[in-house]
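Analysis of the macromolecular model
Spelled out, the chains give:
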Amino acid sequence: MGSSWKSGSMGLERMSVEQLKAVKEQADLEVNLLQDSLNNIRTATTRLEIASSALHDLSHRPPGNHILVPLTASLYVPATLHDSQHVLVDVGTGYFIQKTMPQGKDYCHRKINLLKSNFDQLVDVASKKKSVADEAGVILQAKLKQLASSS
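Worth saying up front: this structure is predicted, and the values here are computed from it rather than measured.

Before going further, it helps to examine the nonpolar core. If you look at the biggest cluster of nonpolar residues, it comprises 14 residues, and the most contacted ones within it are Leu48, Leu55, Val87 and Leu122. Of all the secondary structure elements, the ones that give two or more residues to this core are α2 (17–59), β3 (86–92) and α3 (101–150). Top element by residues in this core is α3. It accounts for seven residues. Ranked by size, the runner-up nonpolar core spans eleven residues in total, among them Val17, Leu20, Ala27 and Ala136.

Relative to strand β4 (residues 95–100), β3 runs antiparallel, the two sharing six bridges. In the strand pairing of β4, histidine 86 is matched with threonine 100. The hairpin formed by β3 and β4 contains two residues between the paired strands, and threonine 93 there has a positive phi angle of roughly 45°.

Now for the pattern of salt bridges. Under the criterion given, the structure shown has five salt bridges. For arginine 110, the salt bridge goes to aspartate 106, with nearest N and O atoms at 2.9 Å. With a gap of four residues between them, arginine 110 and aspartate 106 both fall in helix α3, about one helical turn apart. On the basis of relative accessible area, arginine 110 is assigned to the partly exposed category, the value being 48%.

Scored by pLDDT, the protein chain comes out at a mean of 90, with 93% of its residues at no less than 70. Contacts for the low-pLDDT stretch residues 1–7, under 50 throughout, to residues beyond four places or in other chains number twelve contacts.

Structurally, lysine 99 is set in strand β4. Buried and unpaired, lysine 99 has no salt bridge, with aspartate 106 as the nearest side chain of opposite charge at 7.4 Å. The contacts of lysine 99, once residues within four sequence positions are left out, are Gln85, His86, Val87, Val89, Gly104 and Tyr107.

About the criteria used
Residues numbered from 1 in each chain as written. Predicted model: local features only at pLDDT ≥ 70, side-chain atom pairs only at ≥ 80, totals over all residues. Heavy atoms only, no water. Core = buried A, V, L, I, M, F, W, Y, C linked by side-chain atoms within 4.5 Å. Buried < 20%, exposed > 50% of the residue type's maximum accessible area, 1.4 Å probe, protein only. Helix = DSSP H or I, 4+ residues; strand = E, 2+ residues; numbered from the N terminus. Pairing = 2+ DSSP bridges. Salt bridge = Lys/Arg side-chain N within 4 Å of Asp/Glu carboxyl O. pLDDT = per-residue confidence, 0-100. Contact = heavy atoms within 4.5 Å. Lys, Arg positive; Asp, Glu negative; His and termini not counted.

Okay, structure coming up:
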């Protein structure tokens, strides 16, 4: 996301109309990519929060309890719970690790905290990029208006 232009309005005001258009387009593109990343982080955080809640509920169920296991969002199969003290945790790219219930809960909480920290950092970066794009747009409009009035 590095750019070759100087930060601040003085650097932007010295640029030509074409350069300003390029800076605005680049900043807008980066803002859109950051927004996509923020949405992905929000989705992952929600999934982990749901998993954490499910682990909490599961830890209170005794072995032998009848449960419904989701295969898809709308398809469930009946099952019997044999062990509520061990879970398989998806650690990415199709790998699962067996953990105890407290370890599984801890894993979810750590991942949630990491994602929230990343989210906050990306929000800061996105807002700075958005202000650069807005500032470039304002200066570009002023320059275009100036060119139109001089011709």
